[in-house]
Amino acid sequence: MIINIKDTLTLDDNNEYVVISKINYENKNYYYLLDRNNLKNVKFCYEDNDELVEIIDKNLITKLLPLFVKASQKEINN
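All of the points below concern the structure found in this document. The structure presented is a predicted model; accordingly, all values stated were derived computationally and were not measured. (Residues numbered from 1 in each chain as written. Predicted model: local features only at pLDDT ≥ 70, side-chain atom pairs only at ≥ 80, totals over all residues. Heavy atoms only, no water.)

## Some thoughts on the layout of surface pockets
Note the following rule: Grid spacing is 1 Å over the protein atoms alone, the probe is 1.4 Å, and a cavity is where that probe fits but cannot get out, while a pocket is an open set with protein on both sides within 12 Å along at least five of seven lines and lining residues have an atom within 4 Å of a point. Grid points are joined across faces, edges and corners, and a volume is the space filled by probe spheres set on the points. Note on conventions: DSSP H or I runs of at least 4 residues are helices, E runs of at least 2 residues are strands, and numbering of each starts at the N terminus.
What the largest pocket holds in volume is close to 270 Å³. If you go around the largest pocket, you meet 14 residues; those closest to its centre are Thr10, Leu11, Asp12, Leu52 and Val53. When contributions to the lining of the largest pocket are tallied by element, the ones reaching two or more residues are strand E1 (8–10), strand E4 (42–48) and strand E5 (51–54). It is E5 that contributes the most residues to the lining of the largest pocket, 4 residues altogether.

## Overview of the packing of aromatic side chains
Stated formally: Paired rings are identified among Phe, Tyr and Trp, the last through its six-membered ring, by centres lying within 6.5 Å, and are further divided according to the angle between planes into stacked (under 30 degrees), edge-to-face (over 60) and tilted (the rest). For a lysine, the NZ atom is tested; for an arginine, the CZ atom; a charge sits over a ring if that atom is within 6 Å of the ring centre and within 35 degrees of the ring normal.
Counted by the stated rule, this structure contains 5 aromatic pairs. Through a chain of ring-to-ring contacts, three or more aromatic side chains come together here, namely Tyr25, Tyr30 and Tyr46. The ring of Tyr46 has Lys28 lying over it, and the distance from NZ or CZ to the ring centre is 4.4 Å.

## As for helix H1 (residues 58–77)
Basically, it comes down to this: A helix's residues, less one, multiplied by 1.5 Å, set its expected span. Take the seven residues that end at a residue and the seven that start at it, fit an axis to each, and the angle between those axes is the bend at that residue. The buried label goes to any residue with under 20% of its type's maximum accessible area, the exposed label to any with over 50%, and the partly exposed label to all in between, with areas taken from a 1.4 Å probe on protein chains only. The contact criterion used is simple: two residues touch if any of their non-hydrogen atoms lie within 4.5 Å. Distance and chemistry together define a polar contact, namely a pair of N or O atoms within 3.5 Å, with one atom able to donate a hydrogen and the other to accept it when in protein, and with adjacent residues in sequence counting only for side-chain atoms on both sides.
Between its terminal C-alpha atoms H1 stretches 29 Å, which fits the 28 Å expected from 20 residues at 1.5 Å a residue. Leu64 marks where H1 bends most, by close to 30°; the proline Pro66 follows one to four residues later. Within the sequence span of H1, burial applies to Leu60, Ile61, Leu64, Phe68, Ala71 and Ser72. Looking at the buried side of H1, the elements it contacts are strand E2 (16–25), strand E3 (28–35) and E4. The backbone nitrogen of Asn59 has a side-chain oxygen 2.9 Å away, supplied by the residue at the start of H1, namely Asp57.

## Side note on the sheet that holds E4
Operational definition: For two strands to pair, DSSP has to find at least two bridges joining them. Interaxial angles span 0 to 180 degrees and are taken between N-to-C directions of axes, which are lines fitted to C-alpha atoms, for helices over the stretch in contact.
Strands sit in the order E1-E2-E3-E4-E5 across an open sheet of 5 strands; the sheet is antiparallel. For this open sheet the edge positions go to E1 and E5, each flanked by a neighbour on one side alone. Here the strands of the sheet are splayed against their neighbours by 45° on average, with no regard to which way each runs. Against the sheet, H1 engages E2, E3 and E4, with an angle of about 100° to E2.

Here's what the structure looks like:
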């Protein structure tokens, strides 16, 4: 599955999400998604066999957030 920053995805909840950031951490792709219609609806997911799985582990999200910010900054600067 090829998903890039700025792509729009529709998830199982039938909401459209924009990929804000994408990182590879410990050989797994992670995504920071923002609902296009509800900016308070944010999801953090990882790729597993061509499916996105929502992350519920708060400690993992805390580790990933600085990496997402760094990746987004690189994208903005390009």
